[in-house]
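# Overview (structure and organization)
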Amino acid sequence: MKLIRELHESLKEDSKLIIFCDNKILYDQSENSYSFAPKDLNLINQSKPFLSIALIDNCYFYVVNINKDENILGLFMDPKSINFVDLRQILGFLDQSSFLLASRASILQTWISTNGFCSICGKTNFYNENEGAFECKCNSSPKYPVISPCIITLIHDEERILLGRSKFFPSNMYSTLAGFIEAGENAEEALIREVKEEVNVDVTDIEYYSSQSWPFPAQLMLGYFCKYKSGKILLNDNELEDAKWFNVNELPIIPPDASISGQLIRSYIEGRSKL
Ligand SMILES: [Zn+2]
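Sequence positions are assigned chain by chain, starting from 1 and proceeding in written order. Local features in this predicted model are restricted to residues whose pLDDT is 70 or higher, and side-chain atom pairs enter the listing and the counts only when it is 80 or higher, whereas totals over whole chains, interfaces and linings include all residues.

### Here's the deal with the nonpolar core
Defined as follows: Residues of type Ala, Val, Leu, Ile, Met, Phe, Trp, Tyr and Cys that are buried and joined through C-beta atoms within 7 Å form what is called a nonpolar core. Between the buried cut of 20 or more and the exposed cut of 12 or fewer other C-beta atoms within 10 Å of a residue's own C-beta lies the partly exposed class, and all C-beta atoms are placed from the backbone. For the purposes of this entry, the term helix denotes a DSSP run of H or I that reaches at least four residues, the term strand denotes a run of E that reaches at least two, and both are numbered from the N terminus. C-beta atoms are first placed from the backbone for all residues, and any pair lying within 7 Å is then listed as a contact.
Of all hydrophobic cores here, the largest spans 30 residues; its most connected members are Cys150, Ile151, Ile155, Leu162, Val195 and Met221. Of all the elements in the fold, those that place two or more residues in this core are strand S9 (148-157), strand S10 (160-165), strand S11 (177-180), helix H3 (187-199), strand S12 (202-214), strand S13 (219-230) and helix H4 (260-273). Those residues in contact with Val195 that sit more than four places away from it in its chain are Thr153, Ile155, Leu177, Val201 and Val203. With 29 residues, the next largest nonpolar core counts Phe20, Ile25, Leu41 and Val64 among its residues.

### Some details on unusual backbone geometry
Residues apart from glycine generally show negative phi values, whereas peptide bonds are mostly found in trans. Here Phe216 and Pro217 are connected by a cis peptide whose omega angle stands at 5 degrees. If you trace the backbone, Pro217 turns up in the loop between S12 and S13. Residues other than glycine seldom take positive phi values, yet Asn58 does so here, at roughly 65 degrees. Mapped onto the elements of the fold, Asn58 is located in the loop between strand S4 (50-56) and strand S5 (59-65). Phi at Asn172 takes a positive value of approximately 65 degrees, unusual for a residue other than glycine. Tracing the backbone shows Asn172 in the loop between S10 and S11.

### Details of the environment of Ile44
Along the polypeptide, Ile44 turns up in the loop between strand S3 (24-28) and S4. Residues Ile44 and Asn58 lie 14 residues apart in sequence; the distance between their C-alpha atoms is 25 Å.

### A word on the pairing of S12
For clarity, the threshold we go by: Any two strands between which DSSP finds at least two bridges are classified as paired.
The pairing of S12 with S13 spans 10 bridges and is antiparallel. Each bridged residue has a counterpart across the sheet, and for Tyr208 the counterpart in S13 is Tyr224. Linking S12 back to S13 in an antiparallel pair, the connection comprises four residues.

Here it is in structure tokens:
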């Protein structure tokens, strides 16, 4: 997969479209697919240009944002199996490269739909091909896609791990803790601060695991393990509904393996089982 950021006046031959409406992605349940051939769609309302975000085996993938009142489904598309869903709902069904492309599409559709106009003078932005960014003649600051770095961490203490849940989670699902990196902070400082703010616990031995793009709306999650040092769990801010220690053999529902949270938890348990 080659990542590109190009505006095209017309769709290239053999292209595929990834379609969003109201931050939801068009998904075909029966095919477990979210990209569609233009010939199968009803594209009459689509205004040019089209944003191409990736090139896979000579096929251009475009991301398109449509209005709620547009009927994008072509004549032969079954509305019972093809509809708009929250990207979170289908995470568990996507392999790594499908997730990368869906994540990229989601982040870039937000970028294109929020940069039509200059935030300084209000005039229409133009697309600078060389920069791959939106610009206005009134200033020289290209508007690239913005990605916010976040930390996500599994706090461990031998056979127990600390997990929390937000009120938006499905019932009995608990996850690792996460938070945005503040301006001026490094990732480790953000981790220590976030953990203290969210659950009142001090941690040490921070160890990098891996990272993942997280399109809700546009984060880069930097995943870490850290070791519990001291403190009793106290929910300090309103981010979490609950947080507690779980024995690794008695876990609640945890996030799918497609998410870095699920990977951190499974990787820790796997490591423990080898001891
Ligand atoms: Zn301007």
